[in-house]
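Architecture at a glance
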Amino acid sequence: MSSEIKVVAVIGAGIMGHGITQVSALAGCQVRMVDVSEDFLNSGVEKIKWSLGKLAEKKAISESMDSVMNRIATTTKLADAVKDIDYMIEAVPENIELKMETFAEADKNAPPDAILATNTSGLSVTMISEATKRPNKVVGMHWMNPPQMMPLIEVIKGKHTSDETLKTTLDLCQRFGKQPVVARKDIWFFLGARSEMGWDTEANLMWLRGEAKVEEIDAMARYKLNLPMGPFELADLTGAVDIMKGAYTSIDKILTKNPDFEPDPVRLYILKRVAELISIPRSEEGKSGMKTGEGYYKYPGPGKYARPEIAKELAEKVAPIDVLASAVNSASRCVTEGVGSIEDTDKCFKLAFGWPKGVFEFADEFGVHNIVNTLREKKARVPDWQKSFYEPDSLLVRMVEDGKIGKIVGEGFYKY
Ligand SMILES: NC(=O)c1ccc[n+]([C@@H]2O[C@H](COP(=O)([O-])OP(=O)(O)OC[C@H]3O[C@@H](n4cnc5c(N)ncnc54)[C@H](O)[C@@H]3O)[C@@H](O)[C@H]2O)c1
């Protein structure tokens, strides 16, 4: 039970770790924040104080900064930090070997009934759990950035995660004031990012085929669908080309040990090809986005953000359904494969990516039959290596056969 969780260790005091520490302490837990040097720990503590100060100014917290800070201890010694914990949240860099070493050490030193969670963005929770002697007590707890502000946590059930571990983690998310969604299978990119991957991949493929310019696709997303930003703008902000390069380099290593991590050969193939043709070369040319000062757009300097100016008229050049169809297809596959529910998938789009509507809500509005027709039309004309990406998911095909095509008939993914 989450109310029994009183002592938490957060491993890593970086972008995510210090935020997770703050949220855990605000929820009343005693927290041990761990990093490899005092400098990293001090920097994490300063950021927490700054953030608590802002919350206090806005009267968003009911206790003093000192009383919250009194619940946070810091150390460079993981073995000491975990010796009497109830729960651990690991947020060290995204490297499978490092995560496995961290879990093996935590497992040796933590009480046998403590739960060990990883904040990995896309590594195998199952593989990480197998570095311990308690794989049933290992779970994915994928926070969004910044942890203090973002309302959603994606909880990932690894192959060995017990129902009890899952339930305690879901309860703990609620106690932290977050809305959890569940990825019921530990597959590449889990539920949220995997569903959204169809959107990004389609944008890249349309650009590669010369059908639309970067600014035109982003303008359509901003001005026609009212998304906070388009796929290329977002990629620049998050450094997506580097993330995809990293994912490309680690996936084969993970699949050798855990082949179930990517059950869909079509997805694996297309993501690898897009990485080879776009992400890896751009990353190697230093065009990683805002952090290097240049990506799909130019920025005032490395790490300096200015929102790209995109003319509204460009939105007319791209039909929203042209990009949306692949997003719906990719998300629908997640539902068909049993990774997540329709509602949880839509929650990811709204609460993690800031979409005004979930991808399935959009599908109901545009008409599921129109989504399927768009996919089939694309499949007929794209180069051979891209065709299988456009095969409509069986759930979409069945919905069209059953006449459940969306709002227009009163039933689609939702009832109206
Ligand atoms: N940054 C994001 O937007 C984001 C969002 C969701 C999930 N994540 C995931 O969270 C994890 C952490 O990412 P981040 O952005 O906070 O990285 P970061 O580089 O900002 O922080 C990682 C911290 O871990 C410390 N560290 C390294 N080795 C360690 C060890 N052996 N023991 C203890 N501490 C160690 C580093 O010194 C660093 O301070 C990654 O798995 C990442 O994929 C990141």
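Residues numbered from 1 in each chain as written. Predicted model: local features only at pLDDT ≥ 70, side-chain atom pairs only at ≥ 80, totals over all residues. Heavy atoms only, no water.

Details of the site of the ligand
For the ligand, the set of nearby residues contains 21 residues, the closest of which are Met16, Asp35, Glu94, Lys99 and Ser121. Contact between the ligand and aspartate 35: an oxygen atom at 2.7 Å from a side-chain N or O atom of the residue. Between the ligand and the protein, one listed contact pairs an oxygen atom with a side-chain N or O atom of glutamate 94 at 2.6 Å. For the ligand, whose unbound accessible area comes to 830 Å², protein coverage reaches 76%. Every element with two or more residues in the shell around the ligand is listed here: helix H1 (15–26), helix H5 (96–109) and strand E6 (138–143). Across the shell around the ligand, the residue classes break down as eleven nonpolar, seven polar and three charged. (Near = heavy atom within 4 Å. Polar contact = N/O pair within 3.5 Å; in protein donor to acceptor, adjacent residues only side chain to side chain. Areas by Shrake-Rupley, 256 points an atom, 1.4 Å probe, with all protein chains shown as cover. Helix = DSSP H or I, 4+ residues; strand = E, 2+ residues; numbered from the N terminus. Nonpolar A, V, L, I, M, F, W, Y, C, P; charged D, E, K, R; others polar.)

Some thoughts on the nonpolar core
In terms of nonpolar packing, the biggest core is built from 97 residues, with Ile85, Met88, Trp199 and Phe413 touching the most fellow members. In terms of residue count, the dominant contributor to this core is helix H13 (residues 320–336) (nine residues). The residue makeup of this core includes at least three contributed by each of domain 1 (2–183) and domain 2 (192–409). With near-sequence residues (within four places) excluded, methionine 88 lies in contact with Ala9, Ile11, Val82, Phe103, Ala106, Ile115, Leu116 and Ala117. (Core = buried A, V, L, I, M, F, W, Y, C linked by side-chain atoms within 4.5 Å. Buried < 20%, exposed > 50% of the residue type's maximum accessible area, 1.4 Å probe, protein only. Domains from an automatic or database assignment. Contact = heavy atoms within 4.5 Å.)

Quick look at the domain arrangement of the protein
How big an interface is tends to be expressed through the accessible area that disappears when the partners come together. Assigned domains within the protein: domain 1 (2–183) and domain 2 (192–409). Of note, the centres of domain 1 and domain 2, computed from C-alpha atoms alone, are 30 Å apart. Contact with domain 1, which involves 17 residues of that partner, is made by 15 residues of domain 2. When the two sides are added together, the surface that domain 1 and domain 2 hide from each other amounts to roughly 1400 Å², 62% of it contributed by carbon and sulfur. The three residues of domain 1 that bury the most area against domain 2 are Met127, Leu152 and Val181, which together make up 29% of that side's buried surface. As a salt-bridge pair, glutamate 97 and lysine 253 come within 3.5 Å of each other at their nearest N and O atoms. Along the contact surface separating domain 1 from domain 2 lie five residue pairs in polar contact (both at pLDDT 80 or more). If one sorts the elements of the side of domain 1 that touches domain 2 by residue count, strand E8 (residues 179–183) sits on top with five residues. (Buried area = accessible area lost by both parts, 1.4 Å probe. Salt bridge = Lys/Arg side-chain N within 4 Å of Asp/Glu carboxyl O.)

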